[in-house]
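Chain and residue survey
Given next are the chains, with one letter for each unit.
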Amino acid sequence: MSENEKKKVLVIDDVEENADIVRVKLKHEGYNVLVAMDGESGVELARAEIPDLILCDIMLPRMDGWEVLETLRRDSATAAIPVIFMTAYTTIQFSGERKRAQDLGAVDYLKKPFDLSEMTALVKKHTGD
Amino acid sequence: MRLRLGIFTKIFLAVAGLALVPLFIGAALITSIYQDLVDQIVYDVVHVASPATANHLMGHIADVHQNAYTLMFFILLISILLVSFAALYLSRSFSSPIRALLDASRHIARGELDVRLSADRSDEFGLLAGEFNAMASQLEEAQENLERDNIDLERRVAERTAELTMANVELRSSAAQIQEANRLKSEFLANVSHELRTPLNAILGYTDLMLDGIYGEMQKPQLESLTKVRRNAESLLRLINDILDLSKIEAGRMSLTLEKFDPGELVRSSLESVQPLFARSRLELRADIADGLPTVEADRGKVQQALYNLLSNALKFTSAGGVTVRVYADEKRVNVWFEVIDTGPGIEAAKLRSIFDQFRQIDGSTTRTVGGAGLGLALCKKLVNLLNGTIDVSSEPGKGSAFRFSIPVVAATKGALPRQRQAEAAPGGKRTVLAIDDAAEVLELLAASLEPAGFEVIRCTDAERAVERVRETNPFAVTLDIMMPYRDGWSVLKELKADPQTSDIPVIIVSIIDDRARGYSMGVADYMLKPINRAQLIKRLESFAGGDEWREDA
């Protein structure tokens, strides 16, 4: 499979190791992985590359995950890209926040630390593989 | 109609009457004797004397007669006058002290206690006046004492009121401090938990990558070691989660999501997910699900968490045999019981009591062999209590233990949460924000910013009616301007925070006046300067939604 045929996944996480783990695993699974270390450059990269899927942390420098999502949704070029939130919350108990994420168009969430196979399954589901 | 006569008139009439009656009787007697005498003389003169002498004498007699009557008249007149004066004097000497007494009594009755009678008379009236004065003095003294006591009492009441007000202020500020301390604790735990999870994420992630063989095939000892790394990292993660859950329950910040579910199905799906762990330990895992169980309304996730904790406990302590999970309803079908029965070592009766305490395992040696900080059962108890159920244990050393907990079939809201009322969306599905600002255009701007984010904005331009509007609408949050005509925002804020009905509602100041210190000291949730930063305001309002879960990350 050539680089052009591979599905593109953008990972936005300010913790280098987290981004690295996801990158290695997804690359191994046959994805073309792009990494951004903060919200702003994440949005820039998304606009430039139009990835098939974005995995986004919520607590990010410069622009947090919520703002990244809002910004992407406002731009017609990036509005349709599915976004999966990665967060370190323990349990999603408050339906309001989950609803907010859904309203903004987040397609799913991953609870950190997450199981790599669970992450891969979610990525496959939302990239249509 | 009876004629009412004063004492003066009575004494006067009595004295005058008594003195004048004998006087008139005496006068009448004297007149009669004198008339007899004159008649005798006239007779003698007429019969004895010559006509000339008789005429002459008769003339004299007529003169004497005339003079005698005149004299009599004057004597009577003078007597009457003297008697009248005497009566007048006497009656006055009686009536004037009585009048004075009457006068003085009237003054006293009016509360003028300083009146005194002249007590210079030596008679009974003098004594009476003396007694009266003494009584008046006593009254006056009593009155003064009373007034002094009253003033003292008022002063003491004022002092107590001041003390109470002071105590109230202190109480309120210490309550605020406790609330703040609790908030800081939760924030701290959330931060610590985030900080702990971040490196754990890297440990688990890289371990997984290596176990997956992404970095190349590994030898058996390496695989085994890495598996141990992973297992320990997982148990560390569980511990962090338990601690966070415990602290959340303790802080009253664990919220419940109620749903209806079949308890039998819950047990089946729970057993399915732990089956591999039991198989690995070569333990049998059985389910004993009663027929016809009622549908339960509760927080399914929390029930499952409690059951998992008991299962993981049973797995940890049982080395041979098996574990049975029973689920059944009590006779009245009010509660459903979940019971986990193991064939482990059992627990001595003396140690059963403290088994649900935090950080306590049955003895130090077990801690070493089975590991763990002993939070599972403590968390289990807290969860069950939160669900309004009960938990207990029965055990026989050498034979095994049976842990069981109940949950009510119909949800009872015991773990009522602070701000739940406001955090939950209104029946219409929207959370209301009451916006107070005298400028209608500011309110329009606020509404235009907040409504797309899912808030309903109630506009209030009348500061004087603001507090009333808050009580009426019981909003999710309030935004408040400071500079408003007729009533400023500080006074509105003060009243809102003083009323228990409204004091919990978060207030965000939105003003051009920058006096954050004053705002925060008065209990505002946030202080924002105009022009409004839309994103910041929405973010802050969202944070009131009570969910700390996402804030850990934000």
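Anything mentioned here points back to the structure above.
Now for the overall build of chain A. Along chain A, the regular secondary structure elements total five helices and five strands. Along chain A, helices and strands appear, N-terminal first, in the series β-α-β-α-β-α-β-α-β-α. With 129 residues in all, chain A has 55% of them scored as buried. For chain A, the share of sequence-separated contacts (at least 6 apart) that also reach a separation of at least 24 residues comes to 67%. When the accessible surface of chain A is totalled, it reaches about 5500 Å², and 46% of it is carbon and sulfur.

An α-helical segment advances 3.6 residues per turn. Residues three or four places apart therefore align on the same side. Residue and element names in this part refer to chain B. The terminal C-alpha atoms of helix α2 (residues 51-109) lie 84 Å apart, and with 59 residues this matches the ideal 87 Å at 1.5 Å per residue to within 8%. Its axis deflected by about 25° at Arg92, α2 carries its strongest bend there. Directly beyond the C-terminal end of α2, a positive phi value near 95° is found at Gly111.

All names here are of chain B. A cluster of nonpolar side chains, Phe73, Phe74, Leu77, Ile78, Leu81, Leu82, Phe85 and Leu88, forms an exposed patch at the surface whose accessible area comes to about 810 Å². Secondary-structure assignment places Phe74 in helix α2. Owing to a relative accessible area of 45%, Phe74 belongs among the partly exposed residues under this scheme.

All names here are of chain B. Inspection of the entire model under this criterion finds seven aromatic pairs over all chains. Judged by centre distance (6.2 Å) and plane angle (80°), the ring pair of Tyr34 and Tyr69 falls under edge-to-face. Of this pair, Tyr34 sits in helix α1 (residues 7-48) while Tyr69 is found in helix α2, placing the two residues 35 residues apart along the sequence. Assessed through its relative accessible area of 19%, Tyr34 is described here as buried. Between the NZ or CZ atom of Arg300 and the centre of the ring of Phe261, over which it lies, the distance is 5.9 Å. Taking NZ or CZ as reference, Arg431 lies 5.2 Å from the ring centre of Phe476, over its face.

Residue and element names in this part refer to chain B. Running from amino to carboxyl end, helix α12 (residues 466-473) crosses helix α13 (residues 489-498) at an angle of 35°, the nearest separation of the two axes being 9 Å. Like other packed secondary-structure pairs, α12 and α13 cross with a definite hand, here right-handed. Contacts from Ala466, Val467, Val470 and Arg471 in α12 reach Val492, Glu495 and Leu496 in α13. The residue inventory of the contact of α12 with α13, partitioned by class, reads five nonpolar, no polar and two charged.

Bringing the nonpolar core into the picture now. Counting residues in each nonpolar core, the largest one holds 46 residues, and the members touching the most others are Val303, Leu307, Leu311, Phe338, Phe405 and Ile407 of chain B. It is helix α6 (residues 300-317) of chain B that provides the largest number of residues to this core, a total of seven residues. If sequence neighbours within four positions are ignored, Phe405 of chain B has contacts with Val303, Ala306, Leu307, Leu310, Val336, Trp337, Phe338, Val384, Thr390 and Ile391 of chain B. One finds Ala19, Val22, Ile84 and Met119 of chain A within the second-largest nonpolar core, a separate group that totals 22 residues.

Residues and elements named next belong to chain A. Residues of helix α2 (residues 39-49) that are buried: Gly39, Gly42, Val43 and Ala46. Seen along its axis, α2 keeps its buried residues to an arc of 95°; they face one direction. Along α2, exposed side chains directed more than 90 degrees from the buried face belong to Glu44 and Ala48. Packed against the buried residues of α2 are β1 (8-12), β2 (32-36), β3 (53-57) and α3 (65-74).

In this section: the environment of Asn182 of chain B. Residue and element names in this part refer to chain B. Structurally, Asn182 is set in helix α3 (residues 124-211). Given a relative accessible area of 30%, Asn182 falls into the partly exposed group. Considered as a pair, Asn182 and Glu250 are 68 residues apart in the sequence and their alpha carbons are 9.9 Å apart.

Attention now moves to the pairing of β3 of chain A. A regular strand carries its side chains on alternate faces of the sheet. Residue and element names in this part refer to chain A. Counting buried positions along β3 yields five of five residues, so the element is predominantly enclosed. Alternating positions in β3 separate into two faces, Leu53, Leu55 and Asp57 on one and Ile54 and Cys56 on the other, with burial throughout. Relative to β3, β1 runs parallel, the two sharing four bridges. Bridge pairing links Val9 to Leu53 in β3. Here four bridges tie β3 to strand β4 (residues 83-87), and the two strands are oriented parallel to one another. Residue pairing for β4: Cys56 is matched across the bridge by Phe85. With α3 bridging β3 and the parallel β4, this β-α-β connection has right-handed handedness.

Residue and element names in this part refer to chain A. Read from one edge of the open sheet, five strands run β2-β1-β3-β4-β5, paired in parallel fashion. Either end of the sheet is taken by a strand with one partner, and the two such strands are β2 and β5 (106-111). The sheet shows a mean angle of 20° between the axes of neighbouring strands, direction not considered. Taken strand by strand, helix α1 (residues 16-28) contacts β1, β2 and β3, and its axis lies near 170° from that of β2.

So, about unusual backbone geometry. All names here are of chain B. The backbone phi angle of Arg333 is positive, close to 55°, even though this residue is not glycine. Among the secondary structure elements, Arg333 is positioned in the loop between β4 (322-329) and β5 (335-342). Relative accessible area serves as the criterion here: at 45%, Arg333 is assigned to the partly exposed category.

Procedures and definitions
- Residues numbered from 1 in each chain as written.
- Chains lettered and ligands numbered in written order.
- Predicted model: local features only at pLDDT ≥ 70, side-chain atom pairs only at ≥ 80, totals over all residues.
- Heavy atoms only, no water.
- Helix = DSSP H or I, 4+ residues; strand = E, 2+ residues; numbered from the N terminus.
- Buried < 20%, exposed > 50% of the residue type's maximum accessible area, 1.4 Å probe, protein only.
- Contact = heavy atoms within 4.5 Å.
- Areas by Shrake-Rupley, 256 points an atom, 1.4 Å probe, with all protein chains shown as cover.
- Expected span 1.5 Å × (residues − 1).
- Bend = angle between axes of the 7 residues up to and from the residue.
- Patch = residues over 30% accessible without salt bridge, like charges linked within 9 Å, V, L, I, M, F, W, Y side chains within 5 Å.
- Salt bridge = Lys/Arg side-chain N within 4 Å of Asp/Glu carboxyl O.
- Phe/Tyr/Trp six-rings, centres within 6.5 Å; stacked < 30°, edge-to-face > 60°.
- Lys NZ or Arg CZ within 6 Å of the ring centre and 35° of its normal.
- Axes fitted to C-alpha atoms, helices over the stretch in contact; angles between N-to-C directions.
- Left-handed = near helix turned anticlockwise from the far one by under 90°.
- Nonpolar A, V, L, I, M, F, W, Y, C, P; charged D, E, K, R; others polar.
- Core = buried A, V, L, I, M, F, W, Y, C linked by side-chain atoms within 4.5 Å.
- Arc of directions from axis to C-beta.
- Pairing = 2+ DSSP bridges.
- Right-handed = clockwise from strand over helix to strand, strands pointing away.

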